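Residue strings, one per chain:
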Amino acid sequence: MKIKNICCIGAGYVGGPTMAVIALKCPEIKITVVDANKDKINKWNSSNLDDIPVFEPGLKEIISKTRNKNLFFSKDIDKAIEDAEIIFMAVNTPTKEEGEGAGMATDLKYIESCAKDIARVSKGNKIVVEKSTLPVRTAEKIKEILSLSKNNCKFEVISNPEFLAEGTAINDLFKSDRVLIGGEQSQSGKNAVKKLVEIYKRWIPEHKILTVNVWSAELSKLASNAMLAQRISSINSLSALCEATGAEIDEVSSAVGRDHRIGSYFLKVSPGFGGSCFQKDILNLVYLSKFYGLHEVAEYWHQVIKINDYQRLRIVEKIVLFINKNKLSKEVSILGWSFKKDTNDSRESSSIYVAYELLKLDFKISVYDPKVNPERIIEDIKNLNNKRKKLNPNIIETNINICSNLNYIKKPKNIAVIMTEWEEFKNLENLGDKIFLLDFRNFIDKEKTTIRF
Ligand code: NAD
Ligand code: UGA
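The structure presented is a predicted model; accordingly, all values stated were derived computationally and were not measured. One numbering rule holds for all chains: residues counted from 1, following each sequence as written. Each chain gets a letter, beginning with A, and each ligand a number, beginning with 1, in the order they are written. In view of the model being predicted, local features appear only for residues whose pLDDT reaches at least 70, and side-chain atom pairs are presented and counted only at 80 or more, with totals across whole chains, interfaces and linings using the full set of residues. Note that the side-chain values use all heavy atoms of the structure and ignore hydrogens as well as water.

Engineer: Tell me what's going on with the nonpolar core, and back it up with residues and numbers.
Structural biologist: Among the nonpolar cores identified, the biggest contains 44 residues, and Ile6, Phe88 and Ile199 are the most heavily contacted of them. Counting residues per element, this core draws most heavily on helix 8 (residues 187-200), at six residues. Setting aside residues up to four positions removed in sequence, Phe88 forms contacts with Ile6, Cys7, Cys8, Ile9, Met19, Ile22, Val129, Lys131, Asn160, Leu196 and Tyr200. To form a nonpolar core, buried Ala, Val, Leu, Ile, Met, Phe, Trp, Tyr and Cys residues must be joined to one another through side-chain atoms within 4.5 Å. Each residue gets one of three labels from its accessible area relative to the maximum for its type: buried under 20%, exposed over 50%, partly exposed in between, using a 1.4 Å probe on protein chains only. Where helices and strands are cited, they refer to DSSP runs of H or I of at least four residues and of E of at least two residues respectively, numbered from the N terminus. In this analysis, two residues are considered to be in contact whenever any of their non-hydrogen atoms come within 4.5 Å of each other.

Written as structure tokens, this is what we have:
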């Protein structure tokens with residue numbers, strides 16, 4: 001039987017774009033995306049497409065073609081679950097903040113709550129898909145919860161982790177390197193996997209659709225993120241050595257990346273990786289390794305995060321040294337708040353950590369970002385302060401000035417630090433020598449930059 005109805009729980013950076021692309025490619029399937037956050041659903045339904053909650057190049061064009069045709073954003077979670085044959089769970093899986101494994105393990109409360117809703121509401125058999133990134137063997141827990149369903153329904157749990165990167169999500173979804181589907185080896189497990197394969201086959205070549213066992217799919221997602229982040233920490237660690245020896249990190253990166261066995265991706269020096277996933281997924285891997293008594297493995301992966309923290313602190317030190325050397329006042333403009341260009345997402349952005357350290361040192365900071373909204377910027381600092389409690393809450397708003405354009409940084413003797421590689425920061429060479437530009441992304445041509453990292 002062909003799939004006619006899909007539900008996705010979680011209308012975030014994964015649920016929204018992923019379902020939009022499935023809706024575009026499978027116009028005969030009705031897709032309903034639901035979320036516990038009603039305000040978010042209202043925004044997805046906004047008539048002004050600039051107000052949808054996720055900014056991704058190409059997304060609003062797809063939404064305009066599919067929304068209210070075969071793609072729906074709804075607050076009625078129960079109805080969407082009841083009607084669907086396949087349910088994707090694309091809810092957030094943050095690091096636990098309290099209880100056993102706090103600071104390391106993944107908090108599964110949102111996934112568990114989805115599974116409880118599915119068990120409570122379902123009247124017929126369903127395929128439940130793990131789209132969120134989860135610790136290995138979570139499918140077992142989900143099955144346990146689903147088995148509490150009172151209506152004698154049968155559930156197949158399959159793992160289909162998402163590999164899209166923000167800023168390029170639509171292109172990544174159109175042309176995925178691979179689609180990974182993990183299922184049980186039973187006949188019903190194989191049938192469920194086949195149904196999902198049929199959907200992806202509509203636009204992904206079959207040789208790129210890998211079917212594996214559930215645990216391999218769950219672990220492959222964590223492993224992919226850990227290995228990408230490991231490359232960034234490797235190059236960032238070498239940037240410190242370059243500065244000590246006179247080598248040029250971009251030259252080293254380019255020379256190393258030319259070896260086709262190594263490759264050039266994810267070797268760009270940066271102020272540390274950000275984003276909601278790399279850190280939490282590596283911490284999850286560290287926790288799992290410790291849980292299984294693999295302490296050397298845990299320590300190996302933990303080092304990737306330690307180097308990332310070290311890189312952020314090194315940047316703060318460089319700014320302070322620069323200011324002292326040039327006898328400047330303690331004022332800095334931060335250019336870019338999102339964790340990378342082409343997204344309005346600032347989760348775990350290095351800008352937050354660098355700004356926080358500067359505020360601790362009594363700096364006044366101005367922030368400009370083309371897409372992150374001002375309330376979010378203040379909220380990010382407040383959230384970090386709730387954890388670290390090193391700042392007097394009163395100074396947060398008085399010492400941060402959020403700018404709506406780049407004019408502010410044109411003040412003579414201003415220090416502007418490029419934290420995110422937004423295209424519009426590439427044209428800053430016209431500012432002349434009145435301002436000091438510190439390019440922590442090393443993305444402006446050498447000759448054009450006043451000061452380089
Ligand atoms: P997000 O925070 O943007 O969205 C998650 C949404 O789920 C939120 O809107 C939240 O309100 C909703 N939600 C939580 N519990 C719910 C419940 N019980 N019922 C209904 N709605 C609920 O998160 P995201 O960035 O989309 O990430 C989702 C998952 O995908 C995570 O596991 C993440 O690791 C993984 N992932 C993210 C990316 C990415 O680029 N952001 C890429 C690949 C994988
Ligand atoms: C990353 C992965 O690339 C996706 O495959 C994965 O699906 C996703 O995490 C996830 O699970 O959430 P994302 O975090 O959106 O995607 O963006 P990336 O392009 O990976 O960048 C992450 C961070 O690394 C950014 O702060 C970026 O600036 C930084 N980075 C990236 C570097 O510092 N150097 C590089 O060479 C590349």
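Engineer: Explain the environment of Met19 to me, using residue names and the numbers behind them.
Structural biologist: Within the fold, Met19 resides in helix 1 (residues 15-25). For Met19, a relative accessible area of 1% translates into the label buried. Considering only alpha carbons, one finds Met19 and Phe88, 69 residues apart in sequence, at a separation of 9.4 Å. Among residues more than four places away in sequence, those in contact with Met19 are Ile6, Cys8, Ile31, Val33, Leu71 and Phe88.

Engineer: Pulling in residues and values, what's your account of the site of ligand 1?
Structural biologist: Lining the immediate environment of ligand 1, one finds 26 residues, of which Asp35, Lys40, Thr93, Glu166 and Lys280 sit closest. In protein, a polar contact requires one atom able to donate a hydrogen and another able to accept it; more generally it is a pair of N or O atoms within 3.5 Å, and residues adjacent in sequence count only if both atoms are side-chain atoms. Within the backbone of Val14, a nitrogen or oxygen atom sits 2.9 Å from an oxygen atom of ligand 1. Interatomic distance of 3.0 Å between a side-chain N/O atom of Ser113 and a nitrogen atom of ligand 1. In short, Shrake-Rupley with a 1.4 Å probe defines the accessible areas, and a residue's cover is counted only from the protein chains shown. For ligand 1, whose accessible area on its own is 830 Å², the fraction buried by protein is 91%. When residues of the shell around ligand 1 are assigned to their parent elements, the largest contribution, three residues, is made by helix 5 (residues 109-121). Neighbouring residues are identified by heavy atoms, a residue being near a molecule or strand if any of them is within 4 Å of it.

Engineer: An account of the packing of aromatic side chains is requested, with residue identities and associated values reported.
Structural biologist: Only Phe, Tyr and Trp rings take part, Trp by its six-membered ring, and two of them pair if their centres are within 6.5 Å. Stacked means planes under 30 degrees apart, edge-to-face means over 60, and tilted covers everything else. Evaluated as defined, the whole model comprises eight aromatic pairs. Centroid distance Phe291 to Tyr292: 5.0 Å. Interplanar angle 85°. Geometry classified as edge-to-face. Given a relative accessible area of 57%, Phe291 falls into the exposed group. Ring geometry for Tyr300 versus Trp301: centroids 5.0 Å apart, planes at 80°, classification edge-to-face. In this structure, Arg137 is placed above the aromatic ring of Trp215, and the distance from its NZ or CZ to the ring centre is 4.2 Å. Criterion for a charge above a ring: Lys NZ or Arg CZ within 6 Å of the ring centre, and within 35 degrees of the ring normal.

Engineer: Any chance you could break down the packing of helix 11 (residues 278-291) against helix 12 (residues 295-326) for me, citing the residues and the numbers?
Structural biologist: In this description, a line fitted to the C-alpha atoms serves as the axis of each element, helices being fitted only across the stretch in contact, and the angle between N-to-C directions of two axes falls anywhere from 0 to 180 degrees. Two elements in contact, helix 11 and helix 12, have axes separated by 7 Å at closest approach and are oriented at 155°. On the basis of the axis angle, helix 11 is roughly antiparallel to helix 12. Like other packed secondary-structure pairs, helix 11 and helix 12 cross with a definite hand, here left-handed. Only His295, Val297, Ala298, Trp301, His302, Val304, Ile305, Asp309 and Arg312 of helix 12 make contact with helix 11, whose side of the interface consists of Gln279, Ile282, Leu283, Leu285, Val286, Ser289 and Lys290. When describing relative orientation, an angle under 35 degrees is termed roughly parallel and one over 145 degrees roughly antiparallel, while 65 to 115 degrees is termed roughly perpendicular and anything else oblique. Throughout, a crossing is termed right-handed when the near helix is turned clockwise from the far one, and left-handed when it is turned anticlockwise from it by less than a right angle.

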